[in-house]
Amino acid sequence: MKVKLAKTAGFCMGVRKAMERVLLAANNSKEKIYTYGSLIHNPQVLELLRKRGIETIEKLDGISSGTVVIRAHGIPPKDRAAIRSSGLNIIDATCPRVGRVQAIVKSYTHKGYTPIIVGDKDHPEVIGLLGFSEGKGWVIDNPNAVSTLPYSKKVVIVAQTTQNEDLFNRVVEKAHRRFPECKVFNTICPSTLDRQAEVAELARSVEGMIIVGGKNSGNTQRLVRIAKASGVKTFHVETEAELDRKTLSQLKSVGVTAGASTPNWVIKRVLRELEGLESTYEDKWRNFAYRSLQFLLRSNLYVALGAGALSFVSCLLQSIKPRPSYFLIAFLYTYAMHGLNHITDKDAEQLNDPARAGFYEKYQNYLIFSGIVAVGAALFLAIMFLGILPFTFLVGITALGLLYNIPVVPWGRFKISQFKKLKDIPGSKTLSIAIGWGAVTSLIPAMDVGKVFSPSTLYAFLFVATLVYIRSGLFDILDIQGDQMVGEETIPIIIGEKKTLYLLKVLCGFLAILLLLVPKAITPFLNYVLLVPVAYMAMCLIVYQRRWIQLGGTFEAVVETSFLLTGLSTLVWYILFYKLKFTIYFI
Ligand code: SF4
């Protein structure tokens, strides 16, 4: 089955910013946090917010301390005044685009106009807008209602930001006949228009459409209506559990989109479920290959193989003869660290990659056992074949890796630091993975041959650590909403998605320059060969940005393959230059 994900699926700018603000407040404030009305129309998100101690209130009910977050939809001015006079702090997360509509209603009301709002009268955004009309506004949701409105010479018409444009245009057409001098502001949000246009287009190219979002979300319901109007089989689901697997497996292609209040992780769960569906049209071998690859990815064997490949590359960058023990130590260390840390970091995993979380739950005992065996085997290899210095160093980085997620140092109690675990240090996740990989792939072989402080070791360390940082940073971007929900502070959460993507591109450029500037004496021509995986990684960033590949298991495999590609390119170079004594003459 071919699955096409709409580029516009998921949180709009207003909802994303409101979520960020409420989670930031929950992370940084000791006060109780309330949201005034449901932050968004999505039961899964509301449940998670409740677990984070964020309470939804519909009225103040005597609450006199804490912080109230005003949601993206905004509230009427009288409600805001009531919150302020009750002594509560306010965080205003009203979407700026909703704020603009509120300003239009307010200003035209003051000029003596009668505001007409085209929208759903019970929707919180519309209730908020109506509050700015000082009791003089009207709400209508169909063109026929225009004739029921009392006549006024001065009329201003606005739309609920998530309204259907076609309906709005039909209302405006009728309104022009009844109120010839009416002023019209098409305040439908551009992201709503894009989302609706895309669902209509997508529905024309697939056999079925899946719309993911709350059953009570107005904008999601409108997407469902648009998809249905195109005549395609349409499924409205809140979670992957509601997917009609039997019917879907009969289809050759499905389109997936989601309402403005649907978080990424819910969309990802749906996509993973679809990827795993055995379509009756799919050939069995492809299914087998897909499942095998998923097993390698989820068990961390694939990423561990990548670490082994990078250790081979790192040795050659340092002119060290590659040994099987270097490869195996890097493989075993990475396998153990990734597996054991994923198990102790279940909360984020449940949101970011539920399929992987399910895999860990099912095979938890096996993974813990094999992780401990892997650590033991790596240490055994180090002491038997490499000597005391690499062994001691490996013990150190293994201990740091294992303690990453565990609050063993009571810093908080002694007021030395607010961080109880290494993981709590903002941005530490991506950096520690990069340093760990750099250390195990480049420093251990260097210690074994006694050349730790050489420029080539620094060069190899920088190459591996930067490449791994780019890979982990990209995964952090994919996991941003789930990490935010559980209070993790990864680089994209601290500096934002756009800046992180920019940073990762800059790092690709840095790697390319590093490779081009390195003296030939260190790596005769290998530096040029390694430009291939760097270009591949840069391409992964562009693929993500342009959504050229479905985000999910396939994309993860594409990114993780970068390390194997690095190893493979180096192996080709190694065979040509060392084994076949191949020589290139430059003019
Ligand atoms: S749909 Fe548009 S106006 Fe409404 S919250 Fe989202 S970005 Fe803001």
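Residues numbered from 1 in each chain as written. Predicted model: local features only at pLDDT ≥ 70, side-chain atom pairs only at ≥ 80, totals over all residues. Heavy atoms only, no water.

**Student:** How would you explain the site of the ligand if you had to name every residue and give the values?
**Tutor:** Around the ligand sit Cys12, Gly14, Cys95, Arg97, Val98, Thr161, Thr162, Cys189, Ser191 and Thr192, and those are all the residues in its vicinity. Contributing elements (two or more residues each) for the shell around the ligand: helix H4 (96-110) and helix H7 (190-204). Its residues assigned to classes, the shell around the ligand shows 4 nonpolar, 5 polar and 1 charged. (Near = heavy atom within 4 Å. Helix = DSSP H or I, 4+ residues; strand = E, 2+ residues; numbered from the N terminus. Nonpolar A, V, L, I, M, F, W, Y, C, P; charged D, E, K, R; others polar.)

**Student:** Requested: an account of the pairing of strand S4 (residues 67-70), with residues and values cited.
**Tutor:** Every second residue of S4 is oriented toward a common face, with Thr67 and Val69 on one face and Val68 and Ile70 on the other, all of them buried. The sheet contact formed by strand S2 (residues 33-36) and S4 spans 4 bridges and is parallel. Along S4, the bridge assignment pairs Tyr34 with Val68. Regarding the hand of the β-α-β motif, the stretch spanning S4, helix H3 (residues 77-85) and strand S5 (residues 89-92) is right-handed. (Buried < 20%, exposed > 50% of the residue type's maximum accessible area, 1.4 Å probe, protein only. Pairing = 2+ DSSP bridges. Right-handed = clockwise from strand over helix to strand, strands pointing away.)

**Student:** I'd like a rundown of the side chain of Thr500, residues and numbers included.
**Tutor:** Inspection of the secondary structure assignment puts Thr500 in helix H22 (residues 497-517). Among all residues touching Thr500, those that are not within four sequence positions of it are Gly473, Ile477, Ile491, Pro492 and Ile495. (Contact = heavy atoms within 4.5 Å.)

**Student:** How would you explain the packing of aromatic side chains if you had to name every residue and give the values?
**Tutor:** Aromatic rings in a pair are described by how distant their centres are and how their planes are angled relative to each other. In total, this model carries 10 aromatic pairs according to the counting rule given. Arranged with centres 5.0 Å apart and planes meeting at 50°, the rings of Trp437 and Phe563 form a pair that is tilted. Taken as a pair, Trp437 in helix H18 (residues 428-449) and Phe563 in helix H25 (residues 553-579) lie far apart in primary sequence, 126 residues in all. When the centroid spacing of 6.5 Å and the interplanar angle of 40° are considered together, the rings of Tyr544 and Phe555 count as tilted. Here the residue Tyr544 occupies a position in helix H24 (residues 531-546), and Phe555 occupies one in helix H25, the gap between them amounting to 11 residues. For Tyr544, a relative accessible area of 3% gives the class buried. Each member of the aromatic cluster is reached from another via a ring pair, and the members are Phe295, Phe359, Tyr360 and Tyr363. (Phe/Tyr/Trp six-rings, centres within 6.5 Å; stacked < 30°, edge-to-face > 60°.)

**Student:** Residues and numbers for the pairing of strand S12 (residues 253-258), please.
**Tutor:** Of all the 6 residues making up S12, 6 are buried; the element is thus mostly covered by neighbouring parts of the structure. Every second residue of S12 is oriented toward a common face, with Ser253, Gly255 and Thr257 on one face and Val254, Val256 and Ala258 on the other, all of them buried. Pairing of strand S1 (residues 2-5) with S12 involves 4 bridges; the strand directions are parallel. Opposite Leu5, over in S12, you have Val256 as the bridge partner. Both strand S10 (residues 208-212) and S12 contribute to a ladder of 5 bridges, which runs parallel. What sits directly across from Val212, in S12, is Ala258.

**Student:** Quick one: what's the story with a nonpolar patch on the surface, residue by residue and with numbers?
**Tutor:** A cluster of nonpolar side chains, Phe380, Ile383, Met384, Phe385, Ile388 and Leu389, forms an exposed patch at the surface whose accessible area comes to about 630 Å². Those elements that provide at least two residues to the nonpolar patch are helix H16 (364-386) and helix H17 (388-403). Considering every element that reaches the nonpolar patch, the biggest residue donor is H16, with 4 residues. Along the polypeptide, Ile388 turns up in helix H17. (Patch = residues over 30% accessible without salt bridge, like charges linked within 9 Å, V, L, I, M, F, W, Y side chains within 5 Å. Areas by Shrake-Rupley, 256 points an atom, 1.4 Å probe, with all protein chains shown as cover. Salt bridge = Lys/Arg side-chain N within 4 Å of Asp/Glu carboxyl O.)

**Student:** Talk me through unusual backbone geometry; I want residue IDs and the actual numbers.
**Tutor:** Of note in the backbone geometry, Asn300 takes a positive phi value of approximately 75° without being a glycine. Tracing the backbone shows Asn300 in the loop between helix H11 (284-298) and helix H12 (301-317). The exposure class assigned to Asn300 is buried, which follows from its relative accessible area of 2%. Positive phi is not limited to glycine here, since Ser319 has a value of about 55°. Within the secondary structure, Ser319 sits in the loop between H12 and helix H13 (324-343).

**Student:** Could you give me a rundown of the pattern of salt bridges, with the residues and numbers involved?
**Tutor:** A complete count under the given rule lists 21 salt bridges for this structure. Its salt-bridge partner being Glu556, residue Arg356 comes within 2.3 Å of it at the nearest N-O pair. Of the two residues, Arg356 sits in helix H15 (residues 354-362) while Glu556 sits in helix H25, which places them 200 residues apart along the sequence. In this structure, Arg356 and Glu556 share a single accessibility class: buried. Among the salt bridges present, the one from Lys429 reaches Asp476, with a minimum N-O distance of 3.4 Å. Taken together, the residues Lys429 in helix H18 and Asp476 in helix H19 (residues 455-478) connect sequence positions 47 residues apart. Residue Asp476 is classed as buried on the basis of its relative accessible area, which comes to 2%.

**Student:** Just give me the short version of H7, but keep the residues and values in it.
**Tutor:** The first and last C-alpha atoms of H7 sit 22 Å apart over 15 residues, in line with the 21 Å expected at 1.5 Å per residue. Of the residues making up H7, those classed as buried are Ser191, Thr192, Arg195, Gln196, Glu198, Val199, Leu202 and Ala203. Taken end-on, H7 shows its buried residues confined to a sector of 165°, consistent with a single buried face. Across H7 from its buried face, at more than 90 degrees, point the exposed residues Glu201 and Arg204. Those residues of H7 that are buried are in contact with S1, H4, helix H6 (165-178), S10, helix H8 (218-229) and S12. (Expected span 1.5 Å × (residues − 1). Arc of directions from axis to C-beta.)

**Student:** Before we move on, can you summarise the sheet that holds S10 with the specific residues and values?
**Tutor:** The sheet built from 4 strands is open, its strands ordered S1-S12-S10-S11 with parallel pairing. Here the strands that pair on one side only, and so sit at the sheet edges, are S1 and strand S11 (233-237). Along the sheet, successive strands turn relative to each other by an average axial angle of 20°, direction set aside. Taken together, the 5 bridges between S10 and S11 define a ladder with parallel strand orientation. The partner of Val212 across the bridge, within S11, is Val237. Those strands touched by H8 are S10, S11 and S12, and its axis lies near 175° from that of S10. (Axes fitted to C-alpha atoms, helices over the stretch in contact; angles between N-to-C directions.)

**Student:** Quick rundown of the nonpolar core? Include the residues and the values.
**Tutor:** If you look at the biggest cluster of nonpolar residues, it comprises 78 residues, and the most contacted ones within it are Leu394 and Phe463. Counting residues per element, this core draws most heavily on H19, which supplies 14 residues. Not counting residues up to four positions away in its chain, the partners in contact with Phe463 are Val313, Leu317, Leu511, Leu514, Leu515, Leu530, Val534 and Thr566. The next biggest cluster of nonpolar side chains, apart from the first, holds 57 residues, and it includes Ala18, Ala26, Ile211 and Met485. (Core = buried A, V, L, I, M, F, W, Y, C linked by side-chain atoms within 4.5 Å.)

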